[in-house]
Every structure is written in structure tokens, then in C-alpha cells.
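Chain by chain, the residues run as shown.
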Amino acid sequence: MNADARELAAGFDIEKLTPEFYIDPYPTYRALREHEPLKRLPNGSYFLTRYDDLVSAYKSTRLFSSDKKREFAPKYGNSLLYEHHTTSLVFNDPPAHTRVRRLIMGALSPRAIAGMEPDLIALVDRLLDGLAVKGHVELIEDFASAIPVQVIGNLLDVPMEERGPLRDWSLAILGALEPVIGPEVFARGNEAVKDFLAYLEILVARRRAKPGNPERDVLTRLIQGEDNGERLTARELLHNCIFLLNAGHETTTNLIGNGLVALSRNPAEKRRLIENPALIKTAIEEILRFESSNQLGNRMTTEPVELGGIKLAAGTPVTLCIGAANRDPAQFADPETLDVARAPNRHLAFGTGAHQCAGMALARLEGAIAVSRFLARFPDYALSAPPVRGGRARFRGFLSVPCVVG
Ligand code: HEM
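A. Spatial organisation of the sheet that holds strand β12 (residues 402–404). Read across the open sheet, the three strands follow the order β4-β12-β9; overall the sheet is antiparallel. Strands at the two margins of the open sheet, each flanked by one partner only, are β4 (136–138) and β9 (382–383). The pairing of β9 with β12 spans two bridges and is antiparallel. Looking across to β12, one finds that L383 is bridged to C403.

B. Region of the structure containing the site of the ligand. Around the ligand, 28 residues are found, and the nearest of them are H97, R101, R299, H355 and C357. Within the side chain of H355, one N or O atom sits 2.6 Å away from an oxygen atom of the ligand. Only α7 (96–107), α15 (234–265) and α19 (360–377) provide two or more residues apiece to the shell around the ligand. When the residues that make up the shell around the ligand are grouped by side-chain class, the tally is 17 nonpolar, nine polar and two charged.

C. Representation of the coordination of the iron atom of the ligand. When only protein atoms are considered, the iron atom of the ligand has one donor, C357 (SG), at a distance of 2.3 Å. Here C357 is to be found in the loop between α18 (322–325) and α19.

What counts and how
- Residues numbered from 1 in each chain as written.
- Predicted model: local features only at pLDDT ≥ 70, side-chain atom pairs only at ≥ 80, totals over all residues.
- Heavy atoms only, no water.
- Pairing = 2+ DSSP bridges.
- Helix = DSSP H or I, 4+ residues; strand = E, 2+ residues; numbered from the N terminus.
- Near = heavy atom within 4 Å.
- Polar contact = N/O pair within 3.5 Å; in protein donor to acceptor, adjacent residues only side chain to side chain.
- Nonpolar A, V, L, I, M, F, W, Y, C, P; charged D, E, K, R; others polar.
- Donors = N, O, S within 2.8 Å, 3.2 Å for Na, K, Ca; no water.

So this is what it looks like as C-alpha cells:
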């Protein structure tokens, strides 16, 4: 194969990413998949890009641990950021994970999610009215990011006037998960956990004093636990509320933003979707595949494992590159092309296995309502300046997307 791709794969280091990579990581992912699908990085970790290898790792919580205590101890020291990330559902293994997941899944029941649809439609339509008045808009701030903030705020019933800081806290805490962080990012993340905890303590105390309807109010449900007496501890409750708020924010903002930009860059697919609104479900899956908002996952081997012909020692950190697996030609026909009707589409944007995204039904609902109603209202929307990328490897999205709506 061509020497450039081989060179790109050989020189890849997650700790030394180039500006070109942040703009378009896919040529690098392709080169890695073709030449070094299990790439050993200078720090001793492995970077996996093949679909089948990711599925193998995701499916075995026994061999591939999600517990991050060992990895985060040197990164975060004895800090609130450490306490937060190591208490989050996503960074734990069974049996702790199984217990907390059951409680969270119980709270995010299909009934609770279906009940959110009318408010979601009203919210999206209100935002679209605002865009129509403005004409020149900023798609991320005025639309994409406004939706999940309110949806997750509704999920935990955070009073409207108290939602202001949620997004910044969330961005600061998730920003600290980037592969390499400086002291400022660390300090900002830590401060955000402190402020978030202080706020949630008040919110939880209020809800304990005056419980909501557990069928609709996720926080009440999480406080009360399950009928069999299972409950989250006070610390687990607070950190997993933060985690839920974070998990649903930037990822869903990016789904909506990435989708509207990808469609505007693929006008034939955009037209096809506008002419066939029933394609919205497959279109959202395709956006999730094509520009996955969460590009990287992490695991650590618990014992020696052979994967893709390579022997990994126990205790080897592995990065699962969702963005690369979702464009693996061994799994997807014509993977670099956006096809709003693609089926089947077994992408890994929500991961798979025991940790598969607990909020995926909600994310899909938000994506479908936001994108379909936006297209119906503004079929001729056009980007008015080059969109600005967020500059993150893990969470792929845009900071700003200037746009004119017709
Ligand atoms: C487009 C939007 C979203 C994407 C792309 C996404 C992606 C993911 C991925 C890849 C994982 C698996 C992590 C792993 O295995 O290491 C995950 C886990 C999780 N997500 Fe999402 N997510 C989205 C939206 C949401 C929303 C809206 C919520 C909640 C309201 C949510 C809650 C969770 C939770 C609780 C977990 C942890 C599950 C576990 O560890 O058992 N996510 N998400």
C-alpha cells in the first residue's frame, strides 16, 4: 500500500496529535486500520482500530477492565476529579458496575424517556422560532447545545433558573479526560467537580424533603432505589448524577451539530432526507457512525490476552477507537460515504456489551427530533463560515457553526 499511509501509521502517537488530525482524523484511522490495527504507542498502551477487535474487547469485562483507579491515580492524584471519575458507572467493573447500572437503567426506563417527548418537541420548536427571528445563527450555541442541557436538566428536574453553569461544569470535567492534560485543565476540572457536588447536595436534600414522581423524576428514583432495597450510597448518588449530566451533554450536542454539518456537506443526502422524512431513524444512526461524537474508549487488560494475533500483557491499557471501527470496510460497505438510509448499521457509537450507553434511547430521540424538525423548518440552511472544531480527540464536535437559516 502507499508509503504515506504506512508512514502515518508508524508515526502515530495519541500524545502528539497534529492540528490536521483534529480537523480530520479519518486518514490516520484508515492508515492504522490497514497497517497497524493494534498499534503499540510509545507509552506502552495499544490503540485498536478494527471493528472486530473493538467488539471483542467490549464484550469481555473480565479480560478488559473499565476500572480506572490505577490509570487515574497518577493523572489526578488524590483529588475530587479522581473521586468523581473512579466512582462513575462507566469506569467500574462488575459487581459494582452491575449494581449501579441496574439502578440507573431503572431510572432511565422507556416510559420515563417516552414521557419526555412532548417537552422535547416544544423545546426544539421554541429554539427554532428563536433561530427564525435571528436569521444568522450559531448552530451550536443557539441550537445543538441548548437541547441536551435542558433535557438532562428536566431528567433530574433541575430548576430552570439553576441550569446556567451545568454545561461549563460538564465541559470542564470531561475535558480532563483528554489523553494529555495540563495543570489548567486539571484545575478547571477539579473546581467543576467541587462546585457541581456542592450544587447537587442542595438539590438532593431538597428532593429528599419533597420527593417527585419516581416514574418521571430520575433523581427521585435514584434516591429511592429499587423495590428490593438496593440503593446508591450518598457519594455514588452525587457522582453518578454528575456523570449522567455529563454523559448526555457534549455527546448529544455533537450528534446534532455533526449531523447538521455533515448533511450540509452532503447535499444529495440532505435532499434525500428532506424528501423522505421517514429516513430520520437510519439517518441518525448514520450520523452516529460517520462522525461518532465519542471517538475513543478505554480498557485495561486483566490478564495476558491474544487479540488480532498480538499478545497483550496483563495490565496493558488499550484505547478503543470507535471513530476508526465505525469506518471499517470489513463491517461497512463504502464506509467513508454518508448514506442516510444505510441498513444494517451496527455501529459502535454507543459502545456495546455490559457498558453500552445507558442513555442511547434518549440520545436517539433528541437527535431525531432536533434534526428532523430543523430540516423541515429550514430546508435551505447554509453554513456561512467554516465551522470551528472543538479540538478534542475523544469528543468529536464543533465549537461553533455559523449558519444562515432561510
Ligand atoms: C449521542 C449521544 C451519546 C453517545 C455517542 C454516547 C456514547 C456512549 C458510549 C460510547 C458509552 C460506552 C462507554 C464504554 O463502554 O466505555 C456510553 C456509556 C454511557 N452513556 Fe452514553 N452516549 C450518548 C448519550 C448519552 C445520554 C443522553 C445519556 C444519559 C442521559 C448517556 C448515559 C450514559 C451512561 C450512564 C453510560 C455508562 C453505561 C455503563 O457504563 O454501563 N449517554 N455512552
